[in-house]
Amino acid sequence: PDVQLLADGTFRLYLTADPNDGEGPQTYCATGTDGFAFAKSGVAFASPGNQVLDPTTYYAAGTWHLFAGGKSDGGEWHATSVDGLSFDDAGEAAFEIGGAGCAAANVVPVDGGWRLYAFVRSAPSSIVSFFSADGWKWSEEAGTRLALDTTSSLEADGVKDPAVLRLADGSWLMVYVTRIP
């Protein structure tokens, strides 16, 4: 799931669900006022007969964007919306680092644009980032944001699905998925 805090204090949650109607998993939108209880608003983005998985959303220059996995060719769905409630297909997005495919996971505003955090799909996975000045065109940022620490007893089989936010003191917090042995 992906959650956005709107200017009016409403929480908007984007989530993957499969209604078992034969059309496959799709992205739904739900809203709430406390960050815990949400009411489903409906389908935000679907591609009938295809999987639309694990949405990542952001608002840039008057347009809502959604990236989601599930494309059979390994690319990412890219969809856009005026209101953030109903998205239209905007073509495929492909994120690669050194020829390795990456899955979009989180977008945050930064000075001069936006940073997209992603993870390399191949083993061992790592967390990388891309930058966009306009919210549309993304460029690989040099280096790795987080690599699997094979000496740690707290990580195994890779790191993925980062969620990143800037704290009030200007520092950054990243939460990510790994397998804890």
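Right above here is the structure, for reference.
We now turn to the structure provided with this report. (Residues numbered from 1 in each chain as written. Predicted model: local features only at pLDDT ≥ 70, side-chain atom pairs only at ≥ 80, totals over all residues. Heavy atoms only, no water.)

### Some thoughts on the environment of H78
Here comes step 1: When you line up the elements, H78 lands in strand β7 (residues 76-81).
Here comes step 2: According to the relative accessible area criterion, H78 is buried, its value standing at 7%.
Here comes step 3: Sequence spacing of H78 and A90 is twelve residues, and the spatial spacing of their C-alpha atoms is 5.4 Å.
Here comes step 4: Apart from the residues within four sequence positions on either side, H78 is in contact with H65, L66, F67, D88, D89, A90, G91, A93 and W136.
Here comes step 5: For H78, the side chain forms a polar contact with the side chain of H65, separated by 2.9 Å. (Helix = DSSP H or I, 4+ residues; strand = E, 2+ residues; numbered from the N terminus. Buried < 20%, exposed > 50% of the residue type's maximum accessible area, 1.4 Å probe, protein only. Contact = heavy atoms within 4.5 Å. Polar contact = N/O pair within 3.5 Å; in protein donor to acceptor, adjacent residues only side chain to side chain.)

### A few points about the packing of aromatic side chains
Aromatic ring pairs are reported here in terms of the distance separating the ring centres and the angle at which the planes meet.
Here comes step 1: Counted under the stated rule, the structure contains nine aromatic pairs.
Here comes step 2: Ring centres of Y14 and W64 lie 6.5 Å apart, and the angle between their planes is 50 degrees; on these two criteria the pair is classed as tilted. Here W64 lies in strand β6 (residues 63-69) and Y14 lies in strand β2 (residues 11-17), a separation of 50 residues in the sequence. Each member of the pair, Y14 as well as W64, carries the same accessibility label: buried.
Here comes step 3: Cluster of aromatic residues (ring-pair linked, three or more members): Y58, F67, F95, F130 and W138.
Here comes step 4: A cation sits over an aromatic face here: K40 above Y28, 4.5 Å from the ring centre. (Phe/Tyr/Trp six-rings, centres within 6.5 Å; stacked < 30°, edge-to-face > 60°. Lys NZ or Arg CZ within 6 Å of the ring centre and 35° of its normal.)

### Overview of a nonpolar patch on the surface
Here comes step 1: Taken together, L165, L167, L173 and V175 make up a surface patch of nonpolar side chains, about 320 Å² in accessible area.
Here comes step 2: Along the chain, the position of V175 falls in strand β16 (residues 172-179). (Patch = residues over 30% accessible without salt bridge, like charges linked within 9 Å, V, L, I, M, F, W, Y side chains within 5 Å. Areas by Shrake-Rupley, 256 points an atom, 1.4 Å probe, with all protein chains shown as cover. Salt bridge = Lys/Arg side-chain N within 4 Å of Asp/Glu carboxyl O.)

### Points about the pattern of salt bridges
Here comes step 1: According to the stated counting rule, one finds four salt bridges in the structure shown.
Here comes step 2: Among the salt bridges present, the one from D157 reaches R179, with a minimum N-O distance of 2.5 Å. Linking D157 in strand β15 (residues 156-166) with R179 in strand β16, this pair joins segments that are 22 residues apart in sequence.
Here comes step 3: Among the residues examined, R179 registers a relative accessible area of 44% and is labelled partly exposed.

### Some remarks on the sheet that holds strand β4 (residues 39-45)
Here comes step 1: Judged by pairing direction, the sheet is antiparallel, and its four strands sit side by side in the order β1-β2-β3-β4 without closing on themselves. Looking at strand neighbours, the two that pair on one side only are β1 (2-5) and β4, the edges of this open sheet. Geometrically, the sheet is characterised by an average inter-axis angle of 25 degrees between neighbouring strands, direction not taken into account.
Here comes step 2: The pairing of strand β3 (residues 26-32) with β4 spans five bridges and is classified as antiparallel. Within the sheet, the bridge partner assigned to T31 lies in β4 and is A39. (Pairing = 2+ DSSP bridges. Axes fitted to C-alpha atoms, helices over the stretch in contact; angles between N-to-C directions.)

### Overview of the sheet that holds β7
Here comes step 1: What the four strands build is an open sheet, ordered β5-β6-β7-β8; its pairing is antiparallel. Looking along the sheet, the strands with just one partner apiece sit at the ends: β5 (53-60) and β8 (88-93). Sheet twist, expressed as the mean angle between neighbouring strand axes with direction ignored, is 25 degrees.
Here comes step 2: Bridge analysis of β6 against β7 gives five bridges, and the strand direction is antiparallel.

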